[in-house]
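Listed below are the residues making up each chain.
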Amino acid sequence: MRCAPAIRRALALAPLFLGFVALLGLSTFPPSQAHASDFWDEVRTPGLGAWRADVTRARAALRARRLDQARTSADAAARRLPQRGEAFVVRALAAGELGDLASAQADVRRALELDPAALDDPQDGARAGELMARSGDHALAAQVLARVLGRMRPGPQRQSLYGLYGDVLLAQGPAHADAAIRAYREALRSGGADPRASLGIALALHRTGEAVEWRDHARRVAARGRLDALLASLFVPPTERDARRALVLMATDDGGARAAWQAITDGPWLEHAQAAAAPPVRERTRRRRPR
């Protein structure tokens, strides 16, 4: 047969081709598991196939709560292709769940530097935002949450996340008060009960000089009860918890409100706390004796 030499040459070259494919970590069969794009992706970015496998293993371990394994696999991926952000996101989530918030913070920052879109996934972004708030880096938490909230579908999780967004904004000081109020209003838009958002907006409104609405929100929270449990659940500095407690005491006309405001001795809202702790004008006038 005339084609026999050509067939023999093709068969002789087949092992070389298959060896090259194996070297790249690709599979030729079945077709559904390997595509031409996989081949060229690997050519353009050597190690991409192994990186994807590491990230897949890390995510699977994270879902299964095998946190050490998730961190190890994500670390392998980050070392393999350090210019890609996703592995740093997964490693941050695993580190945060393990309680290593400093490492989680560093990895979230690195992911944002490499590719801000790496945190656009609603679940990744929401969890990273919570971890950054818990770590005390409220500016970074706000940065992450601002991105993810713009991409989330309406629903209970989105509204709850707006409450957290309001908290991390308000904790940063007066320059963020108006944005915090907008976030809290978004969290309360459905009319459902969200005591965190209600208490947050009450404090923000009081700090910005609103004279009536803040009290309505604070009284609703007070009527609900379990204030200590609510305050303990917030990812805010101690001074922000103290301010919320003082506000509820004011709204319920409790005599301990002034002492609660006086207990706040630092933070970006110190001036507001000092003004709230000052005696009312009428009381100061009564204390002056006419000559």
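Procedures and definitions
- Residues take numbers from 1 onward in each chain, read along the sequence in its written order.
- For this predicted model, a pLDDT threshold of at least 70 governs which residues receive local features, and a threshold of 80 or more governs which side-chain atom pairs are given and counted, while totals over whole chains, interfaces and linings are taken from all residues.
- The basis for every side-chain value is the complete set of heavy atoms in the structure, and neither hydrogens nor water enter the calculation.
- Burial classes: relative accessible area under 20% of the type maximum marks a residue as buried, over 50% as exposed, and values in between as partly exposed (1.4 Å probe, protein chains only).
- Helix and strand definitions here come from DSSP, where helices need a minimum of 4 consecutive H or I residues and strands a minimum of 2 consecutive E residues; each element is numbered from the N-terminal end.
- It only takes one pair of heavy atoms within 4.5 Å for two residues to be counted as in contact.
- Working definition of a nonpolar core: buried Ala, Val, Leu, Ile, Met, Phe, Trp, Tyr and Cys residues. They are joined through side-chain atoms within 4.5 Å.
- Multiplying 1.5 Å by the residue count of a helix minus one yields the expected span of that helix.
- What counts as a ring pair is set by centres within 6.5 Å for rings of Phe, Tyr and Trp (its six-membered ring), and what kind of pair is set by the plane angle: stacked under 30 degrees, edge-to-face over 60, tilted for all other angles.
- By definition, being over a ring means that NZ of Lys or CZ of Arg is both within 6 Å of the ring centre and within 35 degrees of the ring normal.
- Every case where a carboxyl oxygen of Asp or Glu lies within 4 Å of a side-chain nitrogen of Lys or Arg is listed as a salt bridge.
- Within this analysis, the arc is defined by the directions that extend from the helix axis to the C-beta atoms.
- Convention adopted: a line fitted to C-alpha atoms gives each axis, helices being fitted over their contacting stretch, and angles between N-to-C directions are expressed from 0 to 180 degrees.
- Any angle that falls under 35 degrees is termed roughly parallel, while one over 145 is termed roughly antiparallel, one within 65 to 115 roughly perpendicular, and all others oblique.
- Handedness of a crossing follows from how the near helix is turned relative to the far one, being left-handed for an anticlockwise turn of less than a right angle and right-handed for a clockwise one.
- Each residue gets one label: Ala, Val, Leu, Ile, Met, Phe, Trp, Tyr, Cys and Pro are nonpolar, Asp, Glu, Lys and Arg are charged, and the others, such as Gly, are polar.

Considering unusual backbone geometry
The backbone of Arg65 shows a phi angle near 65°, a positive value even though the residue is not glycine. Its relative accessible area of 51% is what places Arg65 among the exposed residues. Look at Arg226: it is not a glycine, yet its phi comes out positive at around 55°. With respect to the helices and strands, the residue Arg226 is situated in the loop between α12 (213–224) and α13 (227–232).

Here we look at the environment of Arg241
With respect to the helices and strands, Arg241 occurs in helix α14 (residues 238–251). Overall, the relative accessible area of 24% leaves Arg241 in the partly exposed class. Each C-alpha atom, one on Arg241 and one on Gly200, is 10.0 Å from the other, the two residues being 41 residues apart in sequence. Filtering out sequence-adjacent residues up to four positions away, Arg241 remains in contact with Leu231, Ala232, Leu234 and Val236.

What to know about the nonpolar core
Counting residues in each nonpolar core, the largest one holds 75 residues, and the members touching the most others are Val108, Leu145, Leu161, Tyr165, Val168, Leu170 and Trp261. Once you skip the residues sitting within four places of it in the chain, Leu161 turns out to touch Ala126, Glu130, Leu145, Val148, Leu149 and Met152. Counting eight residues, the second largest nonpolar core, distinct from the first, contains Leu199, Val221, Leu227 and Leu234.

Here we look at helix α11 (residues 195–207)
Its 13 residues give α11 an end-to-end C-alpha distance of 18 Å, which sits within 8% of 18 Å, the value for a rise of 1.5 Å per residue. Counting buried positions along α11 gives 13 out of 13 residues, so the element sits mostly inside the fold. Positive phi shows up at Gly209, right after α11, with a value of about 95°.

So, the packing of aromatic side chains
Counted under the stated rule, the structure contains one aromatic pair. The side chain of Arg84 reaches across the aromatic face of Trp51, ending 5.3 Å from its centre.

Description of the pattern of salt bridges
Evaluated as defined, the whole model comprises 23 salt bridges. Here Asp124 and Arg59 are joined by a salt bridge, their closest N and O atoms 2.8 Å apart. In this pair, Asp124 sits in helix α7 (residues 122–135) while Arg59 sits in helix α3 (residues 48–63), placing the two residues 65 residues apart along the sequence. What makes Arg59 partly exposed here is its relative accessible area of 22%. The partner of Glu186 in a salt bridge is Arg158, and the shortest N-O contact between them spans 3.6 Å. Of the two residues, Glu186 sits in helix α10 (residues 177–187) while Arg158 sits in helix α9 (residues 156–170), which places them 28 residues apart along the sequence.

Re α12
With 12 residues, α12 extends 17 Å between its outermost C-alpha atoms, agreeing within 8% with the 16 Å of an ideal straight helix rising 1.5 Å per residue. Residues of α12 that are buried: Trp214, His217, Ala218 and Val221. Buried residues of α12 fall within an arc of 95° about the axis and therefore sit on the same side. In this structure, α12 carries Arg220 and Ala223 as exposed residues pointing more than 90 degrees from its buried face. Where α12 terminates, the next one or two residues include Gly225, which has phi positive at roughly 80°.

Some points on the packing of α7 against α9
It is at 11 Å that the axes of α7 and α9 come closest, and there the two elements cross at 30°. Classified by the angle between their axes, α7 and α9 sit roughly parallel to one another. α7 and α9 meet at a crossing whose hand is left-handed. Residue-level inspection shows Gln123, Ala126, Gly129, Glu130 and Ala133 of α7 in contact with α9, the latter providing Gln157, Leu161, Leu164 and Val168. Taken together, the residues of the contact of α7 with α9 break down into five nonpolar, three polar and one charged.

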